[in-house]
Amino acid sequence: MTEDVRGLLADAFSLYRGSPRAAGLLREALDHLEQPLRVGITGAAGTGKSTLAAALGDWPTRALRDLALLDDPPPGTLTDATVRLFRHLEPDELAAALPTPRSAFARQTAVDTILVLARADETGAGRIDALLTAKQLARRAWREDPLCSGSQGVIAVAGQLAYGARAFDDDEFELLAAFAAVPREELERYLISVDSFTDPAFPGPVSVDTRRSLVSRFGLFGVRLALTLIRTGCDSRLKLSAELVRRSGLGELRDTIAGCFAARADALKARTAVVRLETVLQAEPRPHGDRLAARVERFAATAHDFRELRLIADIRGGRTALSGDPAEEAVQLLGAQGTAPEERLGLAPDADPREVYAAGIDAVRRWRHEAERPDRPPAERAAAHVVVRSAEGLLALFA
């Protein structure tokens, strides 16, 4: 795919040799093919972009190590994918914030966005079940709101909680454990608000400044959740940190970025370059430019990575008839958990090549059967055909 795009850009350079502006735009796109994937963290003021970017960027995980996370990149910055934050998921807010791709190619391959219901800990006035409620709202929006249907995921995340949970130290754990040891009835009234939590009458010798520091890092919701978790068995810093991160939604967001963006870095960067080319073709029409436009159309029609990403989003968003185990197998074969053959087939990383090949043959046969079943609706058969193409691609590696 990348080589095809290089060929397109090379021919475009010839066409725009006399335009420094167009040539500069094309050169930037060409150079970017050799650079890390750029993921922009965007959203309105107060949605917690910087906090979330820090929580993701400071995470020493292999899945994200080759990404460049851009905190609120300015307009015009070349980005390959976007994590867009919202305070709510109201239709007006979504409609105002979600851009409509201007080019045909961009619309056909719009697989570059993850939506985040940010500050999920504030849902329902910050009740202890706020994160669960926020996750339900996000899931419903992804399934039911047409404005969310083109995204690779709608995920509820409590960014402040995630950032605090990933970085807190032993002293803070001991402090929280000491609070948790105070009888619940005695402590409850001091957990109603930040003012009450920092009230000088708070039981125990912990200073107001220390309590203020704690609540500024975790949020009051995070403090309340941490105390509940300690009382119910999280008896070490590592256990508490892992559970807080899990509940914050950060892990789900990381996995979605890894599966839908990082694993498709070359495809997404190629997409960025072609979108840039299409923009140049529209802004500065040239004789014979239609030939390049036609090649862009053919490129979009044959790029299987984008079909896979769209189908993964449709299956996970509940917009196909696939469900249960077949749906799980389909998204795995489509590469949602990784695009290596072993990952697509659910095998160990060091699986014998003969085992990989046999599993690939089995997958092709099984999904061809699904694609040809006359009792299935056309949309379901079409989805099965995409899975077949993915499985056949695995076998092609052994040719």
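It should be emphasised that the depicted structure is a prediction, and the values quoted were computed from it without experimental measurement. (Residues numbered from 1 in each chain as written. Predicted model: local features only at pLDDT ≥ 70, side-chain atom pairs only at ≥ 80, totals over all residues. Heavy atoms only, no water.)

Undergrad: Before we go on, may I ask you to explain the packing of aromatic side chains in this structure?
TA: Taken as a whole, this structure holds seven aromatic pairs when the rule is applied. Ring geometry for Phe-168 and Phe-218: centres 5.5 Å apart, planes at 75°, overall edge-to-face. Within this pair, whereas Phe-168 is found in the loop between α7 (159–167) and α8 (170–181), its partner Phe-218 is found in helix α11 (residues 208–231), the two being separated by 50 residues in sequence. Accessibility expressed as a relative area gives 2% for Phe-168, which makes it buried. Accessibility expressed as a relative area gives 1% for Phe-218, which makes it buried. With a centroid separation of 5.3 Å and 80° between ring planes, the pair formed by Phe-197 and Phe-202 is classed as edge-to-face. (Phe/Tyr/Trp six-rings, centres within 6.5 Å; stacked < 30°, edge-to-face > 60°. Helix = DSSP H or I, 4+ residues; strand = E, 2+ residues; numbered from the N terminus. Buried < 20%, exposed > 50% of the residue type's maximum accessible area, 1.4 Å probe, protein only.)

Undergrad: Before we go on, may I ask you to explain the layout of surface pockets in this structure?
TA: Unfilled space is identified by rolling a water-sized probe across the atoms. The volume enclosed by the largest pocket comes to roughly 1,400 Å³. Surrounding the largest pocket, 39 residues form its lining, Thr-82, Arg-84, Pro-99, Pro-101 and Asp-112 being those nearest its centre. For the lining of the largest pocket, the secondary-structure elements that each account for two or more residues are β1 (37–43), β3 (81–86), α5 (104–108), β4 (113–117) and α14 (265–283). The dominant element in the lining of the largest pocket, judged by the number of residues it contributes, is α14, at six residues. For the lining of the largest pocket, the class distribution of residues is 16 nonpolar, 15 polar and eight charged. Taken as a whole, the second largest pocket encloses approximately 1,100 Å³ of empty space. (1 Å grid on protein atoms, 1.4 Å probe; cavity = no way out; pocket = protein on both sides within 12 Å on 5 of 7 lines; lining within 4 Å. Points joined across faces, edges and corners; volume = space filled by probe spheres on them. Nonpolar A, V, L, I, M, F, W, Y, C, P; charged D, E, K, R; others polar.)

Undergrad: Help me understand the pairing of β1, please; the structure alone is not making it clear to me.
TA: Successive side chains on a regular strand alternate, one facing one side of the sheet and the next facing the other. By the criterion of burial, β1 is predominantly enclosed, with five of the seven residues buried. Inspection of the sheet shows β1 paired to strand β2 (residues 67–71) by five bridges, in the parallel sense. Along β2, the bridge assignment pairs Arg-38 with Ala-68. Direction of pairing for β1 relative to β3: parallel, over a ladder of five bridges. Each residue of the ladder has a partner; that of Val-39, found in β3, is Ala-81. (Pairing = 2+ DSSP bridges.)

Undergrad: Sorry, what's going on with unusual backbone geometry here?
TA: In most cases, non-glycine residues show a negative phi, while peptide bonds are predominantly trans. Non-glycine residue Arg-119 carries a positive phi angle of around 55°. Residue class for Arg-119 comes out partly exposed when judged on its relative accessible area of 33%. With a phi angle near 70°, His-288 is a residue other than glycine that sits in the positive phi range. Along the chain, the position of His-288 falls in the loop between α14 and α15 (289–302).

Undergrad: What is the right way to read helix α3 (residues 49–57) from this model?
TA: Because the α-helix completes a turn every 3.6 residues, residues three or four places apart line up on one side. Along α3, the positions that sit buried rather than exposed are Lys-49, Leu-52, Ala-53, Ala-55 and Leu-56. Along the axis of α3, the buried positions cluster into a sector of 160°, meaning they face one direction only. Buried positions along α3 lie against β1, β2, β3, α7 and α13 (250–261). (Arc of directions from axis to C-beta. Contact = heavy atoms within 4.5 Å.)

Undergrad: How should I be thinking about the packing of helix α1 (residues 2–15) against α15 in this particular structure?
TA: Angle between the axes and distance between the axes: these two values describe a pair of packed helices. Contact pair α1 / α15: the axes reach a minimum separation of 11 Å and the direction vectors enclose 170°. Classified by the angle their axes make, α1 and α15 are roughly antiparallel. As for how α1 packs across α15, the hand of that crossing is left-handed. Residues Asp-4, Val-5, Gly-7, Leu-8, Asp-11, Ala-12 and Leu-15 of α1 pack against Gly-289, Leu-292, Arg-295 and Phe-299 of α15. (Axes fitted to C-alpha atoms, helices over the stretch in contact; angles between N-to-C directions. Parallel < 35°, antiparallel > 145°, perpendicular 65-115°, else oblique. Left-handed = near helix turned anticlockwise from the far one by under 90°.)

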